[in-house]
Amino acid sequence: MSSIDQEINQLASSIDNAKSQLERESNFVEQANKRFESNMLAFKKYFPDIYEKFVLYQPTEKFNLFVNNNGTGNITDTKLDVPFYSENPVLQSKKQVDDAIATPEVCRVDQSVIEHLSNETNFLHVDLLKSIGVVYNKAKSELPPNTMLDDVIPSVIIFGVGLGYHLNYLNEQVRASYINIFEPNEDYFFGSLFCFDWAGYLNTIDEQGSALYIGIGVPEEELYEELYRRAQYLGAFSISNSFFYQHYPSQEVNELIEKIKINFHQFFMGWGFFDDALMSIAHTLENTHKDINLLVQHDKLPAEIEKFPIFIVANGPSLDKDIEVIRAMKEQVVLVSCNSATTALLKQGIIPDFHVALERTKATADFLTAFITPEQRQKIGLITVNVMYPEVPELFGWCGVGFKGNEPGTSIYHIAEYIKTQKITTTVGYCNPLVGNTALSFFASKKFKEIYLFGVDNGYVDPNHHHSKASYYYNDKGSTIHSPLKMGNEMVVDGNFGKKVITDHFMYTGKEQMERLLESFKGTHLNCYNCSDGTKIEGALPLRSSDILLDESTATKQNVIKFIKEECYKPFDKSIDAKKYLDFDIFESICNSMVEILEQPMTSREQALENLLASLRFLYSFKQEARYAHLYLILEGECLYTSSILISALYNFGSSEQALPYYKDALILWIDFLKQAPDYYRERWNKLSDYSFDYSKPSVENVGD
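Notes on the structure in this doc start here. All values reported here derive from a predicted model rather than from experimental measurement.

**Quick notes on the layout of surface pockets**
Of the pockets and cavities examined, the second largest pocket occupies roughly 430 Å³. Asp 77, Phe 84, Tyr 188, Tyr 248 and Pro 249 are the residues nearest the centre of the second largest pocket, which is lined by 21 residues in total. If you list the elements that add at least two residues to the lining of the second largest pocket, you get helix H3 (89-102) and helix H9 (251-262). Of the residues forming the lining of the second largest pocket, the biggest block, 3 residues, is contributed by H3. Tallied by class, residues from the lining of the second largest pocket come to 9 nonpolar, 8 polar and 4 charged.

**Concerning the packing of helix H20 (residues 584-598) against helix H22 (residues 629-651)**
Put simply, H20 and H22 touch, their axes get as near as 10 Å, and they point 35 degrees apart. The way H20 lies across H22 gives a crossing that is right-handed. Residues Ile 586, Phe 587, Ile 590, Cys 591 and Met 594 of H20 touch H22, and the partners they reach there are Leu 631, Ile 634, Leu 635 and Cys 639. Looking at the contact of H20 with H22 residue by residue, the classes come out as 9 nonpolar, no polar and no charged.

**A short note on the environment of Val 595**
Mapping Val 595 onto the fold places it in helix H20. C-alpha separation for the pair Val 595 and Leu 674, spaced 79 residues apart in sequence, amounts to 6.8 Å. Apart from the residues within four sequence positions on either side, Val 595 is in contact with Ile 671, Leu 674 and Lys 675.

**Comments concerning the pairing of strand E5 (residues 175-183)**
Counting buried positions along E5 gives 8 out of 9 residues, so the element sits mostly inside the fold. Examined bridge by bridge, strand E4 (residues 152-159) and E5 share 7 bridges and lie parallel to one another. The residue of E5 that forms the bridge with Ile 158 is Ile 181. Tracing the backbone out of E4, into helix H5 (residues 167-173) and back to the parallel element E5 gives a crossover that is right-handed. Across 6 bridges, the pairing between E5 and strand E6 (residues 211-216) is parallel.

How each quantity is defined
- Residues numbered from 1 in each chain as written.
- Predicted model: local features only at pLDDT ≥ 70, side-chain atom pairs only at ≥ 80, totals over all residues.
- Heavy atoms only, no water.
- 1 Å grid on protein atoms, 1.4 Å probe; cavity = no way out; pocket = protein on both sides within 12 Å on 5 of 7 lines; lining within 4 Å.
- Points joined across faces, edges and corners; volume = space filled by probe spheres on them.
- Helix = DSSP H or I, 4+ residues; strand = E, 2+ residues; numbered from the N terminus.
- Nonpolar A, V, L, I, M, F, W, Y, C, P; charged D, E, K, R; others polar.
- Axes fitted to C-alpha atoms, helices over the stretch in contact; angles between N-to-C directions.
- Left-handed = near helix turned anticlockwise from the far one by under 90°.
- Contact = heavy atoms within 4.5 Å.
- Buried < 20%, exposed > 50% of the residue type's maximum accessible area, 1.4 Å probe, protein only.
- Pairing = 2+ DSSP bridges.
- Right-handed = clockwise from strand over helix to strand, strands pointing away.

The values reported here are purely geometric and, on their own, carry no functional implication.
Pasting the structure below:
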């Protein structure tokens, strides 16, 4: 064949290929447009916010959706400028799913330590967890680890939609009760609306009863917070025992998954528990009839007041190096001391203007009477929350109280308050888990704009220097005489001034709660300066105490303190009687209904999980019922702790058949608790904390000389 003939044949072949490609593209466009319309109608039904965002969406210039030779859609990777998929994206995605299931990435919670909790407080909660922990450890010792995925699992977290080819197949292979899908790239998701049958997928998920969340356009660096908020809203059980599925390579997503693993404890902390909830009601109802003051909110403070500097002093080890700066500036600032930091300041001859307390048990009163004299307390104002042990406000010359959010005591008061006045007092957010969180939350919510943090270390560099040496933790020779609270495993994190800092899960949660608070005040001109040589706090500007320059103020310290006490607070309305809204019978009905659900037959992990989640969803149905929210809150924390352990016992070890007997033994303990809970509520709704601590005796043996 001549070269001319070859060229003619090649040209004809090219023309045929071009015609075929045009036909493929034409067919694809016709089908894709129909698919887009169908998908949009489905999103309008299930996720109207996504519908509104993408019905008229304009992709970026990098968006390039094209057709493979087999007629399937493909898209250009916006970072690498190469095809996102191979010539057969469906088979490619199926293989990816199969590979991920063969070696699954699952974030599990090890509950081994639960059995060994101490119960100095004699809490029902601790007894319950310890008893379930015994069963959990028995399963752990007698069964092999479960390294495979069951057909039905509690949770899957999918990182990446791409064009969606993996979603149906993944759901067919592994059905999750809670499905979280994140796609940071809006262009990819837009392309999936033309390539993937979202309408069918959404309908399938709806029919199978799974809870689905889709986060589109959330930047990789914000995905952790989005997942945390999601878990807080639904309950941490919604991400318990999570299977992580990553659809396409991303360094940012790799780092995110690692962060979730390291910080997975945070999703399972700070829930409160049954005894805590009953104390919340008892203490609140008692406090609201005392001569103390209730926090009120201002839209804006007078200019000279809002810019007056607030020094918040916690008891971290770095406080020692800043004591002299605080002493030199104390007449130019409002000095706010967090719990044990007051003992450090008083030992240095510095009397704070306000003392902040958070812990609700009687031990707080024991601490205050042991280390702060009546004469000193009369000179200091107390800032605390409504759930505080009622004797504590009486120890000070002045007391201001804020309503703590997510508390049954707050909720029951709000019911009575609204029915009587049609108004509800605002709560103070992000005030857990540390007293430093409480102090920062109070003064930020009061709209003060210049806040300085000292000793807010949320960790330490030297394990022997865990608090200020001047505080009650140490004797005169610098030896530890009272053990610091440690919760969770230790880890090393970035420090405020560059060095690495040792922290634990509890303190790290305090740091992150501060960051969430500061993020919520972004754009309000709040300036928070972190002078502490501890963990870095995003949103707070690192500032050495030696570099502080205070502006001249037209307001005086005394005027600002007077304003806080007289304008930021008002007396409680003692005519509000919340006792009539205790609702004992309805609480009993809730508990009985949960028991009835949990006692349904189960012969597999799937049925056990279904029953457990059904009981939790029933309880959560009361979360949005303002009239009965306090009853939900009484059980919420206990349910979250217990269900977390139960799900771990169900899925962490052995096969479904092997694990079920252990799960049933643990479940019986939870059911028995629910059966007794109504009587506990009737008997203890007005019982104040009786947990005391003798601070006159060292809690550390063999104290050094």
